[in-house]
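# Coordinate analysis (summary)
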Amino acid sequence: MYFFIEPMRESDVPRVQEIERQSFTTPWSATTYLRELRSPEHSRYIVARYSHARPADQLHEPEPRRNWITNLLLSRFNASAPPSPYTVVGYGGIWLTVDEAHITTIASAPEMRGYGVGELVLNGLIDLGLELGARFMTLEVRVSNVVAQNLYLKYGFEARGTRKRYYTDNNEDALVMWTDDIASPEYQGRLRQLRMLLADRLRRQEEKGAADAQRPN
Ligand SMILES: CC(C)(COP(=O)(O)OP(=O)(O)OC[C@H]1O[C@@H](n2cnc3c(N)ncnc32)[C@H](O)[C@@H]1OP(=O)(O)O)[C@@H](O)C(=O)NCCC(=O)NCCS
């Protein structure tokens, strides 16, 4: 199994909505997604795609430089690009303000959870933040959403406030989480280590998938 990150396309919206409905109690509409995709000056969305084996155009390992996930971006942000043959298994987006990249949404497909997809998407979003000159990543998360909080804590997000009754479906509070300066040497060092671990994990899964496919039933 091989996962890679690409900009979200308009043709991805139906599949994104399918995952969205399985992941959130108040899903965004298709219209909202299309509006977001058509406003690249203040918002950016990416998807994680799945392939049984590494696609031929990704056979070369990207140079291990700072933004190795950005190297995986096959195309730039052209939301009306033709549909991709590779299934969407995760997605996420950011809103940009002066020096902040605010994560608006992030999810992985329920059947693909626990394989590093959410972490890969988060890395893609951090890369976007860096590329666009943001200094901080921010987000809101339900106080009860321990799985997502674990992912964010791993990447240096800290809870720095609460928004009372932020979620209107059940009046749940939101934790407001922030990173330190994502361009700082300290954060970059942490990111580099986490990315090496993630790359190893994804490579092992890819190799296991290839070995399983060779094995007779
Ligand atoms: C949150 C979410 C995106 C995580 O995606 P995922 O693909 O399952 O996660 P990954 O396999 O990449 O795991 C990354 C990290 O998440 C945390 N995590 C994942 N599954 C976990 C679990 N079952 N229990 C606790 N922590 C977990 C861990 O920190 C993990 O790192 P580790 O493997 O080193 O322990 C996914 O669970 C999801 O889509 N949830 C529903 C939507 C949602 O809540 N989005 C967040 C809104 S703020």
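Below: a short report on this structure. This one's a predicted model, so the numbers in the text were calculated from it and none came from an experiment. (Residues numbered from 1 in each chain as written. Predicted model: local features only at pLDDT ≥ 70, side-chain atom pairs only at ≥ 80, totals over all residues. Heavy atoms only, no water.)

## Points about the site of the ligand
Close to the ligand lie 22 residues; Ser108, Gly116, Gly118, Asn145 and Lys154 are nearest. Here an oxygen atom of the ligand sits 3.3 Å away from a polar atom, N or O, in the main chain of Tyr115. One nitrogen or oxygen atom from the main chain of Gly118 is found 2.8 Å from an oxygen atom belonging to the ligand. Looking at the shell around the ligand element by element, the count peaks at six residues for helix H4 (residues 146–154). A breakdown of the residues in the shell around the ligand according to their chemical character gives ten nonpolar, seven polar and five charged. (Near = heavy atom within 4 Å. Polar contact = N/O pair within 3.5 Å; in protein donor to acceptor, adjacent residues only side chain to side chain. Helix = DSSP H or I, 4+ residues; strand = E, 2+ residues; numbered from the N terminus. Nonpolar A, V, L, I, M, F, W, Y, C, P; charged D, E, K, R; others polar.)

## Things to note about the packing of helix H1 (residues 13–23) against helix H2 (residues 30–37)
The interhelical angle for the contact between H1 and H2, taken along N-to-C directions, is 125 degrees, at an axis separation of 10 Å. On the basis of the axis angle, H1 is oblique to H2. Of the two possible hands of crossing, H1 and H2 adopt the one that is right-handed. Every residue of H2 that contacts H1 at Val13, Val16, Gln17 and Glu20 is listed here: Ala30, Tyr33, Leu34 and Leu37. (Axes fitted to C-alpha atoms, helices over the stretch in contact; angles between N-to-C directions. Parallel < 35°, antiparallel > 145°, perpendicular 65-115°, else oblique. Left-handed = near helix turned anticlockwise from the far one by under 90°. Contact = heavy atoms within 4.5 Å.)

## With respect to the pairing of strand E6 (residues 158–167)
As paired elements, E6 and strand E7 (residues 172–178) share six bridges and run antiparallel to each other. When the bridges of E7 are listed, Thr162 appears paired with Leu175. The antiparallel pairing of E6 with E7 creates a hairpin that spans four residues between the two strands, and Asn171 there sits at a positive phi of about 60 degrees. (Pairing = 2+ DSSP bridges.)

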